[in-house]
Amino acid sequence: QVHLVESGGGLVQPGGSLRLSCAVSGRFFSINVMGWYRQAPGKERELVASITGGGRINYAHSLKGRFTISRDNAENTVYLQMNSLIPEDTAVYYCNARAQIGTISRLEYDYWGQGTQVTVSS
């Protein structure tokens, strides 16, 4: 009922930049937290950044300010600007959205995108 469509991944050289986008569609009452996660082969999925509907942001400490998350509430879209990319950033990046489906119960559920491959290599 809730679908996330990601775009912007691909192959980029070290030092380059990419901008990931994730648009949420379907039937829902509201979206609370939106975020980006990544997973490299053989490693656990880890949080990259998250942002609440009120604009509170949390970044993974290891990113050291290279990534910027933002969202457009009117378009139900979250973005991830990635700068100064290094090979260690290579991973599948997943979009996540926590949505309230009903109007009264206030129960929220997590939804995930298909993932988009980001490869940083010369």
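Residue positions are given per chain, counted from 1 along the sequence in the order it is written. This being a predicted model, a pLDDT of at least 70 is required before a residue's local features are given, and a value of 80 or more before pairs of side-chain atoms are given or counted; all residues contribute to the totals for chains, interfaces and linings. Note that water and hydrogens are dropped before the side-chain values are worked out from all heavy atoms of the structure.

Peer 1: Sorry if this is basic, but what is going on with the environment of Ala40 here?
Peer 2: A helix here means a DSSP run of H or I that spans at least four residues, while a strand means a run of E at least two residues long, and both kinds are numbered starting from the N terminus. Turning to its location among the elements, Ala40 is positioned in the loop between strand E4 (30-39) and strand E5 (46-51). Sequence-wise, Ala40 and Thr90 are 50 residues apart; in three dimensions their C-alpha atoms are separated by 6.9 Å. In contact with Ala40, other than residues within four places in its own chain, are Thr90 and Ala91. Here, residues are in contact when the closest pair of their heavy atoms is within 4.5 Å.

Peer 1: Just to check I follow, could you spell out the state of the cysteines for this structure?
Peer 2: The bond known as a disulfide is covalent and runs between the sulfur atoms of two cysteines. Criterion for a disulfide: a pair of cysteine sulfur atoms at a distance within 2.5 Å. Counting across every chain of the model gives one disulfide. Across the disulfide, Cys22 is cross-linked to Cys95 (sulfur-sulfur distance 2.1 Å). Taking the sign of the S-S torsion, -90° for the link of Cys22 and Cys95, the bridge is left-handed. Of the two residues, Cys22 is situated in strand E3 (residues 18-26) and Cys95 in strand E9 (residues 91-100); the sequence distance between them amounts to 73 residues. Across the pair, exposure class does not vary: Cys22 and Cys95 are buried alike. Three labels apply to residues, based on accessible area from a 1.4 Å probe with only protein chains included: buried if under 20% of the type maximum, exposed if over 50%, partly exposed otherwise in between.

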